[in-house]
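# Close look at the chain arrangement
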Amino acid sequence: MVDTIITQGQTDVIGAMDNSEIDNPAEVESKAITHRDARDTVGEPFSKDPRMTCRNVNVFYGEKQAIHDVSLDIGANEVIAMIGPSGCGKSTFLRCLNRMNDTVDSCRVEGNIHMNNDDIYNKSMDVVLLRARVGMVFQKPNPFPKSIYDNIAYGPRIHGLTKNKVELDEVVESSLKRAGLWTEVKDRLDQPGTGLSGGQQQRLCIARAIAVSPDVILMDEPCSALDPIATAHIEDLIDELRQNFTIAIVTHSMQQAARVSQRTAYFHLGYLIEVGQTDQVFTNPKHQLTEDYITGRFG
Amino acid sequence: MQLTTLLFVLLLLSSLAYYFGRKRAVSVSGGEVKDLHSRPGYYGFYTVLWCLLPSLLVFSSWLAMEGQIVTQLVVQDLPEQIRTLPDSQLSLVINDIKNTANGSIVSGKVNSDIEAAVSHYKSLYNTSRAALAVLVLLVAIIGLSISLKKISPSQRARNAVENILKYLLIACSTIAIFTTIGIVLSVLFEAIRFFQMIPPIDFLFGLNWSPQTAIRADQVGSSGSFGAIPLFTGTMLISFIALLVAVPIGLMAAIYLSEYANSKVRAVVKPLLEVLAGIPTVVYGFFAALTVAPLFREFGTSWGLEISSESALVTGLVMGVMIIPFVSSLSDDVINAVPQAMRDGSYGLGATQSETIRRVIIPAALPGIVGGVLLAASRAIGETMIVVMAAGLAANLTANPLEAVTTVTVQIVTLLVGDQEFDSAKTLAAFALGLMLFVTTLFLNVIALHVVRKYREQYE
């Protein structure tokens, strides 16, 4: 059953944009979702100015398929939010974008993901350079047990981005400033990063990602371990970072998705159900599942 | 009554106690077992503990004091001229009496005084054993009947058993501590006797080790000098070489196992590596002495180097192989304890695997690794069998690993093997060396524990 769906999906996904089969959400059964219902994405998965393009992405953990045939563009200098109930594959999809799934032995990724016309799953792709261009911020703040300065300097040092100590100092200072952390830590750069508060640690991790000047920053529920005030800080920061970076953020909080993103993608059981402008997805969802989720009927 | 028979009877009594306790609990409940506070088995255990513990306590304390009291009584009844002998001769006489009573060899002729004492000793001894049997069984039966009487439906036998078990566990855990204290004291007192003969300064800072002391005043060439420095430098040299082998190899093996190897390889390689720790050290010893040492000597000759057949190098190398599992196993554990989030963070910034290991994982795991290395070091310092077989006996003060050196443990063994007189500095020197060795390894262990504990706090 699943196999046939995949092959079908691969053939007609390109036409998913102007899909007219499911334009009346009322006709879709809201309960028991079948694979048939979820196969085609509703809305606008493609972008006019894409930074990353994903086509027919399937992800398997061993025998189990976690992502079914997802096609999605991530536009330049936009914040795209990925929402959906737990286990819907949004984090797995995010981790495909910088090949973090390579570190999981049983994980297998099929399909095409391009970044600026480079196939990132091509054998000639340098994963290390890819991850420098696609930075990542994790769910739990994970500063290295080093000083604040060394945390930020880690990326520039391993990539040899600076010629001397003066340049490195500048990179550290500007990264911390852009992460809104400079005034709080400028007098204690030599103290361990693990000694900061949770919110500060997460901003430190964002500064650490910024320090290698990536094109895209992936954020995997960056505020889920933080209190509301720290969360507000990070959300403001995400809005500012949009000037210079493309951001893909996975979040469990629909309010957060509505506040920080321009586009929203709704995932369900490994399928990409609906993509659209954030306003439209939250005020006028086209798919019944999306509506059920954002109105809190499940998830 | 024989002690084993007594213990057997006691055991029988306690199994009866279980049966009676259980039965009594059921009968006081009037058939309604659910009205009892605890399940009937707990009442049984409660009765057993009351029956067994006090009687065993009496049993062991009686045996502990019996010897002294009986000896005292025998001495009191000895004739005046024997009783007033000097202490050392008196103890010889007492030994003779005991040996005769047990049918062993005695030092001299057995005269009538001694014979009288022997029969006195025997009778006292028999009375004591009979009294012990009566007393122990009496205590057991009293304990049994008191606890049987106390059984009632509201009695909290379950909680009582829990409490008694707790104290039993505490007692068991203190045995290790008391043993350590006992070992330290036994070594300490002999070492103090040694230091009364040889000044500690001469021992600690002397550069010459030659423990042969003259037995007669006119003996030649056996002045006896007890400078421990050559022994400790030998020990340090061999341990240093061993660590030079074990730390890099063990650490890299640990890194491979925890970071690179997949679960199948890990499941095979890790136990195989730990087999190294299970090889008897005496096997390592003849491997070093008979296989590796000749190999190195021939190799050295072909390069024009003179390698002693008992070189520190060979001994250190083989000992290094032996302690690889200590380093690798402990390092593997601490590297695995570094949170995956650290690795993700580093990979997410575009670091390669080896960069991540070098710059994030090793620094994060370093305190634990240092702890493992220190434990391996104290193992290397205290190692005896390999060095006895493969290292030399000559106390050379040298830092050249190609020469033969001797170690503290080798000297302790040679000093104590065979018949020794316990009033000479030569024999007592072994205890002084043992004390020093103990202090050294204890010091290393304390540092290691401290470092490991500090590391644990980091991720809590």
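Conventions and cut-offs
Residues numbered from 1 in each chain as written. Chains lettered and ligands numbered in written order. Predicted model: local features only at pLDDT ≥ 70, side-chain atom pairs only at ≥ 80, totals over all residues. Heavy atoms only, no water. Contact = heavy atoms within 4.5 Å. Buried area = accessible area lost by both parts, 1.4 Å probe. Salt bridge = Lys/Arg side-chain N within 4 Å of Asp/Glu carboxyl O. Polar contact = N/O pair within 3.5 Å; in protein donor to acceptor, adjacent residues only side chain to side chain. Helix = DSSP H or I, 4+ residues; strand = E, 2+ residues; numbered from the N terminus. Nonpolar A, V, L, I, M, F, W, Y, C, P; charged D, E, K, R; others polar. Buried < 20%, exposed > 50% of the residue type's maximum accessible area, 1.4 Å probe, protein only. Pairing = 2+ DSSP bridges. Axes fitted to C-alpha atoms, helices over the stretch in contact; angles between N-to-C directions. Parallel < 35°, antiparallel > 145°, perpendicular 65-115°, else oblique. Left-handed = near helix turned anticlockwise from the far one by under 90°. Core = buried A, V, L, I, M, F, W, Y, C linked by side-chain atoms within 4.5 Å. Domains from an automatic or database assignment. Disulfide = S-S within 2.5 Å. pLDDT = per-residue confidence, 0-100. Phe/Tyr/Trp six-rings, centres within 6.5 Å; stacked < 30°, edge-to-face > 60°. Lys, Arg positive; Asp, Glu negative; His and termini not counted.

To continue, consider the interface of chain B and chain A. Reports often express the size of an interface as the amount of accessible area lost when the parts come together. At the interface, 19 residues of chain B touch 22 residues of chain A. Here chain B packs against chain A, burying approximately 1,600 Å² in sum over the two surfaces, 64% of which is carbon and sulfur. On inspection of chain B and its partner chain A, the count reaches 0 salt bridges. If you look at where chain B meets chain A, you find 4 residue pairs in polar contact (both at pLDDT 80 or more). Elements with a minimum of two residues in the side of chain B that touches chain A: helix H12 (340-348) and helix H13 (353-382) of chain B. Among the elements that take part in the side of chain B that touches chain A, H12(B) stands out by supplying 7 residues, more than any other. When grouped by side-chain class, the residues that make up the side of chain B that touches chain A number 9 nonpolar, 7 polar and 3 charged.

The subject of this paragraph is the pairing of strand E7 (residues 134-137) of chain A. Residue and element names in this part refer to chain A. Burial along E7 is two-sided: the residues Val134 and Met136 and Gly135 and Val137 are all buried. Where E7 and strand E8 (residues 216-220) come together, 4 bridges link them in parallel fashion. Bridging from a neighbouring strand, glycine 135 pairs with isoleucine 217 of E8.

What follows concerns the packing of helix H8 (residues 229-260) of chain B against H13(B). Residues and elements named next belong to chain B. The N-to-C vectors of H8 and H13 enclose an angle of 140°; their axes lie 9 Å apart at closest approach. It follows from the interaxial angle that H8 and H13 lie oblique. Of the two elements, H8 crosses H13, and the hand of that crossing is right-handed. Here Thr235, Met236, Ser239, Leu243, Val247, Leu251, Ile255, Glu259 and Tyr260 of H8 lie close against H13, whose contacting residues are Gln353, Ser354, Ile357, Ile361, Ile362, Ile369, Val373, Ala376, Ala377, Ala380 and Ile381. Classifying every residue of the contact of H8 with H13 by side-chain character gives 15 nonpolar, 4 polar and 1 charged.

Attention shifts here to the nonpolar core. If you look at the biggest cluster of nonpolar residues, it comprises 81 residues, and the most contacted ones within it are B:Phe194, B:Phe203, B:Trp209, B:Phe226, B:Met319, B:Ile323 and B:Leu433. If you look at the next biggest cluster of nonpolar residues, it comprises 44 residues, including A:Ile206, A:Ala209, A:Phe245 and A:Val260.

Here the domain parsing of chain B yields domain 1 (3-153) and domain 2 (225-459). The gap between the C-alpha centroids of domain 1 of chain B and domain 2 of chain B is 48 Å.

Further remarks concern the state of the cysteines. Under the definition given, this model contains 0 disulfides over all chains. Of the cysteine sulfurs around A:Cys223, a residue in no disulfide, the closest is that of A:Cys205, at 12 Å. Cysteine B:Cys172 is unpaired, with the sulfur of B:Cys51 as its nearest cysteine sulfur at 19 Å.

In this section: the environment of B:Val417. With respect to the element layout, B:Val417 can be found in the loop between helix H15 (408-416) and helix H16 (425-458). Sequence-wise, B:Val417 and B:Glu310 are 107 residues apart; in three dimensions their C-alpha atoms are separated by 20 Å.

Across 8 bridges, the pairing between strand E2 (residues 50-61) of chain A and strand E5 (residues 107-115) of chain A is antiparallel. The residue of E5(A) that forms the bridge with A:Asn58 is A:Glu110.

All names here are of chain B. Chain-level pLDDT for chain B is 86 on average; 95% of the residues reach the 70-or-more range. The spread of mean pLDDT over the elements of chain B runs between helix H3 (residues 80-83), the lowest at 77, and H8, the highest at 93. Interface scoring of the predicted complex returns ipTM 0.81; its pTM is 0.73.

For the rest of this paragraph, the subject is the sheet that holds strand E11 (residues 271-277) of chain A. All names here are of chain A. Across the sheet, which stays open at both edges, the 7 strands sit in the order E1-E11-E10-E4-E9-E8-E7 with mixed pairing between neighbours. Pairing within the sheet leaves two strands with one partner each, and these edge strands are strand E1 (42-43) and E7. Bridging between strand E10 (residues 263-268) and E11 involves 6 bridges; their strand directions are antiparallel. From the neighbouring strand, histidine 268 faces E11, where its bridge partner is tyrosine 271. On top of the sheet, helix H9 (residues 228-241) reaches strand E4 (79-83), E8 and strand E9 (246-250); it is set at about 150° to E9, its chief contact.

Okay, the packing of aromatic side chains next. In this structure the tally under the stated criterion is 12 aromatic pairs over all chains. A centroid spacing of 5.1 Å and a plane angle of 35° characterise the contact between A:Tyr266 and A:Tyr293, whose relative ring orientation is tilted. Here the residue A:Tyr266 occupies a position in strand E10, and A:Tyr293 occupies one in helix H12 (residues 288-294), the gap between them amounting to 27 residues. Judged by relative accessible area, which is 0%, A:Tyr266 ranks as buried. The buried category is assigned to A:Tyr293, whose relative accessible area is 3%. Note on B:Phe195 and B:Phe203: the rings are 5.4 Å apart at their centroids and 75° apart in plane angle, and the pair reads as edge-to-face.

With that settled, the discussion passes to the side chain of A:Arg95. Following the sequence through the fold, A:Arg95 ends up in helix H3 (residues 90-96). Lacking a salt bridge, the buried A:Arg95 has B:Asp344 as its closest oppositely charged neighbour, with an N-O distance of 4.2 Å. In this structure A:Arg95 touches A:Met100, A:Asn101, A:Thr103, A:Met136, A:Phe138 and B:Asp344, once residues within four positions along its chain are discounted.

So, on to the sheet that holds E2(A). Two orientations exist for strands paired in a sheet by backbone hydrogen bonds: parallel and antiparallel. All names here are of chain A. With respect to topology, 4 strands assemble into an open sheet ordered E3-E2-E5-E6, the strand pairing being antiparallel. Every other strand in the sheet has two partners, leaving strand E3 (64-75) and strand E6 (118-119) as the edge strands with one partner each. Examined bridge by bridge, E5 and E6 share 2 bridges and lie antiparallel to one another. Within E6, the residue paired with methionine 115 across the bridge is aspartate 118.

This brings us to unusual backbone geometry. A negative phi angle is the norm for most residues apart from glycine, just as the trans form is the norm for most peptide bonds. Residues and elements named next belong to chain A. One non-glycine residue, aspartate 69, lies in the positive phi region at around 55°. The topology assignment puts aspartate 69 in strand E3. Looking at aspartate 69, the relative accessible area reads 7%, which means it is buried. Not every positive phi belongs to a glycine, and glutamate 221 is a case in point at roughly 45°. Its location among the elements puts glutamate 221 in the loop between E8 and H9. Taking relative accessible area as the criterion, glutamate 221 reaches 8% and is therefore assigned buried.

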